Amino acid sequence: CTSPSDVALAREGQSLLSHLEGVAALAQRYASPVGLGYIAYVCGLLHDLGKYSRSFRKYLKTALSGQAVQKGEVHHAWEGALVVLRQLGQDRATIGLADILANVVASHHGGLTDMISDSERVMPSRIEAHSKHNPEQMCDVMESKEAADIIARIDWNAIRNEFSDAKKRVGKSSFALHLATKCLFSCLVDADRSNAAGLDSGDECPEWNTMEDCLNARLAKFEQDMEAEKSPLDNVRADISTQCANQAVRASGVFTLSVPTGGGKTLSSLRFAIRHARQNGLKRIVYVIPYLSIIDQTAHEFRKIFGNRADDWLLEHHSNFMLDSENEDDEKRYDLGTQRWDAPVIVTTMVQFLESVMSNKASDLRKFHNMTKAVFIFDEVQALPVACTHLFNGIVNFLHEFGGATVVFCSSTQQALARTERPIHLAVNPDLVFLNPETRALFRRTWIHDMTSPELACEEIAELALTRYRDGNSTLVVMNTKAEARAVFKALPEEVKRYFLSTDMCPAHRLDVLQVMREALSPVHDTQATPILCVSTQLI
């Protein structure tokens, strides 16, 4: 019999065997949607194998006794990686697989290692160096009956077969294999941290039906409010929304939503996403937006739709978001949400999305596996930087073809992403909405007159805007730079009903100004709205 004092611990109150088996089971569940379930399970079994060594037990005992220790002074991740290299790294056909698994296991506390340097494999030499420097640690592990039993239960042929199937799905794309490695790493990191924290990481299906009821109630209110004076443009918006709802029954794919500005694509795309997620058993909806000014408005609209369930359903992950709570538990819950992206609806930026996927850090990649089986709405996709096009295309293709995600590109002017050197793989008949030329003409609400020759000074632009305003017209002036916008605004007399918008303003202030402008532009009863004059940077 083994006395309680002889039981290897992962941490205070948790046996090492319980932790390894718990992490393995959780990692398998996370990775199963991408066909890497058994490989993730094995990574979970091996990731903390080094904690069976005497040196780690001594380190943990010292720490639990209250004595000072340096966190991480006993490296314990390389032993599991060495087991992988010894089992798979000797066969030329599985060298790549051995390096991937060894990297995932050895790096789970920090970040994935660049596996090739100067055309030489890095992982074997790095792991062997640890082994030679600490030979007693591996000996301790191999002498442990628990550790030996864990290694004995691994089916290495099953790993080879699962990896072979995965390679067939990614084809010849080494970039897709790179992302598959990150996805596997994400599953292990999240499983390890969730198990250690005692998190209940359930796979409950989001309340798509209830969420759709909230959206339908909002749409019905719109319909009711404009029943008396419904314009042709209102009818087109309603038709766009209906087409999106009807297209939601389609299988997962990469689609386009090409709607002119003012066509209501935010709510129409949400209607598609909710119904499509429910139809296809998808886990969440991720809105990726390039501009912080648009993110504020989109999240605000979603909160109005979701009402008192907004905090349960919606996660905002961007630099403008400020948590409206000083409660420490709320702060921890929000931080965990941004690390995991496990909310039903996530609103984030293109920068945050790309940085999360392309990072090698465990803290960034933890959320990656939760990007599978999701609906992605890329709003204003034409704003994607040209230099990121091939990178972006590869990520989108991986998320759909390997991760089972659906992707929708929203824009009034779609980029030709399917005709690049490394193209997006669009669905057959990718357009979710069809608008004929006559319908599109209804959205023509602006006519551009060139007033820039000769070039106008800021004071002259202010005078021109003031003339339009005094003629009874609400007037918007958009300047290229913040300094120019400020100069035009200062040149206007203070008695004018004027407003200023800039990215220098904090988000809350900007939203307040927009709300005041909306109220000023809305007629009160039978009284006509008073004209206003707004000077803005391009954030408008």
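This text follows the structure it describes.
Remember, it's a predicted structure, so these values are computed and weren't measured experimentally. All residue numbers refer to position in the chain's written sequence, counted from 1. With the structure being a predicted model, the display of local features is reserved for residues of pLDDT at least 70 and the display and counting of side-chain atom pairs for 80 or more, all residues being used for whole-chain, interface and lining totals. Side-chain metrics rest on all non-hydrogen atoms present in the structure, leaving aside hydrogens and water.

J.: What exactly am I supposed to notice about the packing of aromatic side chains here?
T.: Each aromatic ring pair is characterised by the separation of its centres together with the angle its planes make. Pairing of aromatic rings covers Phe, Tyr and the six-membered ring of Trp, with a centre-to-centre limit of 6.5 Å; geometry is then stacked below 30 degrees between planes, edge-to-face above 60, and tilted otherwise. Under the definition given, this model contains 16 aromatic pairs. Considering the side-chain rings of Phe255 and Phe272, the 6.1 Å spacing of their centres and the 75° angle between planes classify their relative orientation as edge-to-face. Of this pair, Phe255 sits in strand β5 (residues 254-258) while Phe272 sits in helix α13 (residues 265-280), and the two are 17 residues apart along the sequence. Relative accessibility decides the category of a residue: with a 1.4 Å probe and only protein chains considered, values under 20% of the type maximum give buried, values over 50% give exposed, and everything between is partly exposed. What makes Phe255 buried here is its relative accessible area of 1%. By relative accessible area, Phe272 is classed as buried at 1%. One aromatic cluster is present, formed by Phe353, Phe376, Phe378, Phe392 and Phe409 through successive ring pairs. Only when the NZ atom of a Lys or the CZ atom of an Arg is both within 6 Å of the ring centre and within 35 degrees of the ring normal do we say a charge sits over the ring. Across from the ring centre of Phe402, 4.2 Å away, lies the NZ or CZ of Arg169, which sits over that ring. Residue placement shows Lys367 over the ring face of Trp341; its charged tip is 5.6 Å from the ring centre. We count a stretch as a helix when DSSP gives it H or I for four or more residues in a row; a strand needs E for two or more, and each element gets its number in order from the N terminus.

J.: Looking at this model, I keep getting lost on the nonpolar core. Mind explaining?
T.: It is characteristic of soluble globular proteins that their nonpolar side chains tend to be buried jointly. Counting 93 residues, the largest nonpolar core has Leu101, Ile159, Phe353, Phe376, Phe378, Phe392 and Phe409 as its most contacted members. Looking at this core, the element that brings in the most residues is helix α10 (residues 174-197), giving ten residues. Those residues within four positions of Ile159 in sequence are excluded, and the remaining contacts are Tyr38, Ile39, Val42, Leu88, Leu97, Leu101 and Ile154. In this text, buried Ala, Val, Leu, Ile, Met, Phe, Trp, Tyr and Cys residues form a nonpolar core when linked through side-chain atoms within 4.5 Å. In this structure, Phe272, Phe306, Leu314 and Val345 belong to the second largest nonpolar core, which totals 40 residues. We call two residues contacting when some pair of their heavy atoms lies within 4.5 Å.

J.: Please explain a nonpolar patch on the surface as it appears in this structure.
T.: Residues qualify for a patch when their relative accessible area is over 30% and they have no salt bridge, like charges being joined within 9 Å and the nonpolar side chains of Val, Leu, Ile, Met, Phe, Trp and Tyr within 5 Å. Computed by Shrake-Rupley with a 1.4 Å probe, the accessible areas treat only the displayed protein chains as cover when residues are assessed. Salt bridges are defined as contacts in which a side-chain nitrogen from Lys or Arg sits within 4 Å of a carboxyl oxygen from Asp or Glu. Residues Val7, Leu9 and Leu64 make up a contiguous nonpolar surface patch of about 190 Å² in total accessible area. Relative to the helices and strands, Val7 resides in the segment before β1 (9-11).

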